[in-house]
Structures are given as C-alpha cells and as structure tokens.
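# Observations on the model geometry
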Amino acid sequence: MPSVRPRLVAAVLATTVGLGSLTAVAPPATARASTPSPGGGSAGDPLFPSMGNSGYQVRHYAIRLAFAPRTGRIDAATSVFARTTHPLSSYSLDLQGLHVRSVRVDGHPARFERHGHKLVVTPRRPVRGRFTTSVAYAGRPTTHIDPDGSSEGWVPTDDGATVVSEPVGAMTWFPDNNTPRDKATFAVRVTAPSRLAVAGNGELVRRRSQAGRTTWTWRQGHRMATYLAMVSIGRYSVHHSTMRTTTGRRLPVWSFVDPRYGSQAAVRRLVPRAVRFLERRYGRYPFSSTGVVIDRVGVGYALETQNRPVFDGAPDAVTVVHELAHQWYGDSVTLTRWTDLWLHEGFATYSEDLWNAVHGGPSPARAFRERYDANPASSSLWSPAPARFSDPADMFGAPVYERGAMTLQVLRERIGTSDFFAVMRRWAAAHHEGHGTTAQLVALAERVSGQDLGPLFHDWLYVPARPSGY
Ligand SMILES: [Zn+2]
C-alpha cells in the first residue's frame, strides 16, 4: 500500500486506455522470426515506457549478494534465466546505479553498455530460445527517489537495509526485466554478519554460518513480479512457526520483527486468522508460506512483498489484512499495465471493509455510502478515473484505492453477494500465479452473473466524475 508518487515520465504514450484495449507488446517492425534483432527496450507500459524489454521472458532469477553494513555496499552476482520471444542480437536489462564488473551470456564474456538504467548486452553470438545472462556487480545501491521525495527500491536502514520496490525500484539491487508483465521464480542468497538476520520471499531453504558471517538462502517457487522481490537485513527477532489453512494445509510462517517494536505478538497471532478470513472469501491462499516483516524503514508505507509483506513500523490490523489480501490480488493475480492498479488496491481496500464489517465497523454497504456522501462532485476521489490516468503520480491516490473498492461494492449490489464472491474466487483461481486485466474481470463477472456489466464498470472506472444515481 505504498503512497509513493513515482517518477514522472515525460514520454507518457497513450491516454486512450479503456475496456478491452490492451495492446500486446510487439517486437519492433524490423524483427522477423528468424532474423536476430535488438530486443525492444520497453515492455510497453504507458506509465513507464523506459522499463522492461519485450525481447525475452525471464524464467528464473538467481541472486547472490554479500552485504557490508559498515559501508552499505553489496558485492553481487545475478543470473537471469530467460527465453527469447524472437532471436536477439542484443537486449537490455534494467539496473540503476552500481558498478558492473562483467557480463556473461551462456558462460561467454559479453559486451555491455550503460545508458541510464539500461544495461545493454551484446552477446558474442545472437541468442535464441533459452539463454542465461550472468552479471557481476558491486557498490552502494541507490534508493529510487520519486519527485515528492518518497523512496523505493533498496532503502538503507540504521541496522541494515530493506527493499520495497513498487513500482520500479527492483532495478536498484538486481538487473532485471523490470515489468510486472514478466514474472519469474527466484532464489536469493544473502551473506551478512551473523548478528543480523535476512528476510526474503518464499521459503528459507538454508542458513549457514562461517567465520562470523551467515548466508541465508530463500527460494521463491511461485512466479513473482520484480517489484515484489524483497530482502530485509537487520537486527531482528526471527519467529518460525506453522499455521493451518482452512483446508487443513500446513503453512510455514516466518516473521521478522525489529525488537524496537516489542514482540508484535498480536500481529503475529493475527496473520493466521487473517489468512483464514481471506481464504473463506477468496479461496485457497495462493503461496507456500506466509509471515510479516516489521522494520523501521522510514518510507512511510507498507508493501505486499510476496509471502511476507513489509511494514514500516508496527501495523494496525486493517493494514495487515490489506497487505495479506494482496497475496491473492496483486501478487498471485498481477496486472499487465499499471493503469489497472485498482485490480490490486481496490481489492485490498475492499478486503479492509470486509474485515471491519465483522470487527465492529460499518458494513461494506455503509462504508460505500459514507465514502459516496462525504465526497461531493468536486472531490479528488472522482478524478482522475481509477483505471484511466496518464500521470504515474496518480497511481497511489484515492480513486485507485477507494473508488476501486466502491466499484466492487457496486458490482456486489448489482449481481448479488453469492455471484460476487463467486467472481472473486474464480478470478483468484483462474489467474493464479499469472496476470489479469480489467477487461477479463468484466468478462468473468458477466459470465458468472449473466448480466451486461459494461456500463457499470465504464461509469465507475473510466469516467473522471462522480457516478450519479447512488
Ligand atoms: Zn495496497
């Protein structure tokens, strides 16, 4: 639930974002199936046109890094296992800052150039099909700073460092295809002084100590967007337990608590309760472990990093529910372009409403009414529209979160509670560990309900005005 105002990109391409207008990213016109060409230096997102590369899909990232707390430096190597979408004579990865020592492609030294955050790699021979890029690099990672001064990516803390990367900060600590369109599995191995602990995504598969340093190996076997990749290094109390899901599945729980916030026992007890609460509404928890990271980060927001959300300080219950709800909506089912962010934030905000309703708060219908009545037509809640905006600074505003949640309540009242939760469950199941677009959600809701819902979604998501008649 970041409140960052991402870097404003001058070359905003398209504002004609609407139902069913998802444009596939095509290779450059010169690319033919058999002729090697440079991979397109963009994944095609109108809000972040310089991010990503359409010439390949990553299958797996293997990241190794050693962290020196005294200097804040890392010494790192990342291997990117990918598959071309067409033969590539060269291609780019995204990497902001850091000194690149060498690049190898399938074991052979390769030429590389830095252009801003683009690391352009020219292999000895064109690559086609599967290929592996290994980058050795070092330095003090830079935090990605947004125009309003908020921070993302690699963030130094007073006892280590923490990564929170929505939307584009992942490139501050490893070379990547920095777009949520390209999800991959991860193995992350971090070495730090043994007095520090290292949190990561997925499951802890190994912890080995030698000569006062400990190496932590985390494996993420579920495909993950780069912005959800996290490490957090610091003085932590580490809590390992297991919980039972509603289907009786045993789920490992790893939580990391900065002792300056006490033991956070109440939050740690809340995690299994909230996971089961959400499972009863949305279906099976999508991943293989859970937990929380509670740290003094200093960024002023929490983030739904996969498996294990990061909280900047002790969170309240609804914030925990919000970030855990993202495990279904955002982490497992991920947008393909950032203007669909309401598919993450509207759903997580609505999950807060569901939680509040059974914990002494207003019903979702009442919450809707209060938001609607408290915001006159001139309120910033109504403009820009939640799913039609061209300024990345509008990503984390009230329309995406609150009007997004209101859209779900309007849908629920139109199609009924039973069909509504059928839509929520089928959305999570059908797009599990994949992607979803607004057009696909509308189509699903229409199939489940048998109703024409185009006008409803149009009024609530694409018109920069307060919908009338509610
Ligand atoms: Zn959120």
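On a predicted model such as this, the values are computed, not experimentally measured, just so you know.

### A short note on the pairing of strand β17 (residues 231-234)
Side-chain alternation along β17 places Val231 and Ile233 on one buried face and Ser232 and Gly234 on a second face that is also buried. The sheet contact formed by strand β12 (residues 160-164) and β17 spans 2 bridges and is antiparallel. Residue pairing in the sheet places Thr162 in a bridge with Ser232 of β17. The pairing of strand β14 (residues 197-200) with β17 spans 4 bridges and is classified as antiparallel. When the bridges of β17 are listed, Ala197 appears paired with Gly234.

### Quick word on helix α8 (residues 454-462)
Within α8 the residues assigned to the buried category are Phe457, Trp460 and Leu461. Projected down its long axis, α8 carries its buried residues within an arc of 85°, all on one side. As for α8, its buried residues are in contact with α3 (342-357), α5 (398-415) and α7 (438-449).

### Here's the deal with the domain arrangement of the protein chain
Size of an interface, as often reported, equals the accessible area lost when the parts are brought together. Examined at the domain level, the protein chain breaks down into domain 1 (31-233), domain 2 (236-321) and domain 3 (338-462). Domain 1 and domain 3 are separated by 33 Å when their C-alpha centres are compared. At the junction of the two partners, domain 1 supplies 7 residues and domain 3 supplies 6 residues. Tallied by class, the residues present in the side of domain 1 that touches domain 3 amount to 3 nonpolar, 1 polar and 3 charged.

### What to know about the pairing of strand β7 (residues 111-115)
Sheet topology note: the β7/strand β8 (residues 118-122) ladder contains 5 bridges and is antiparallel. Within β8, the residue paired with Phe112 across the bridge is Val121. The hairpin turn running from β7 into β8, its antiparallel successor, is 2 residues long, and Gly116 in that turn takes a positive phi close to 60°.

### What to know about the confidence of the model for the protein chain
Close reading of the predicted structure is inappropriate where its pLDDT is low. For the protein chain, the mean per-residue pLDDT works out to 93, and 92% of the residues sit at or above 70. Across residues 2-31 the pLDDT falls below 50, and counting only partners more than four positions away or on other chains, this stretch makes 74 contacts in the model.

### Points about the packing of α5 against α8
At a minimum axis separation of 10 Å, α5 and α8 run at an interaxial angle of 165°. With respect to α8, the axis of α5 lies roughly antiparallel. Crossing handedness for the pair α5 and α8: right-handed. Contacts between α5 and α8 involve Arg403, Thr407, Val410, Leu411 and Arg414 on the former and, on the latter, Leu456, Trp460 and Leu461.

### Description of the sheet that holds strand β9 (residues 130-139)
By way of backbone hydrogen bonds, the strands of a sheet pair with one another, either parallel or antiparallel. The mixed open sheet is built from 8 strands, whose spatial order is β6-β5-β9-β3-β2-β13-β16-β15. A single partner strand is all that each edge strand has here, and the edge strands are β6 (108-109) and β15 (203-210). Bridge count between strand β5 (residues 99-105) and β9: 6 bridges; the pairing is antiparallel. When the sheet's bridge partners are listed, Val103 is paired in β9 with Val135.

Quick notes on the rules
- Residues numbered from 1 in each chain as written.
- Predicted model: local features only at pLDDT ≥ 70, side-chain atom pairs only at ≥ 80, totals over all residues.
- Buried ≥ 20, exposed ≤ 12 C-beta atoms within 10 Å, placed from the backbone.
- Helix = DSSP H or I, 4+ residues; strand = E, 2+ residues; numbered from the N terminus.
- Pairing = 2+ DSSP bridges.
- Arc of directions from axis to C-beta.
- Contact = placed C-beta atoms within 7 Å.
- Domains from an automatic or database assignment.
- Nonpolar A, V, L, I, M, F, W, Y, C, P; charged D, E, K, R; others polar.
- pLDDT = per-residue confidence, 0-100.
- Axes fitted to C-alpha atoms, helices over the stretch in contact; angles between N-to-C directions.
- Parallel < 35°, antiparallel > 145°, perpendicular 65-115°, else oblique.
- Left-handed = near helix turned anticlockwise from the far one by under 90°.

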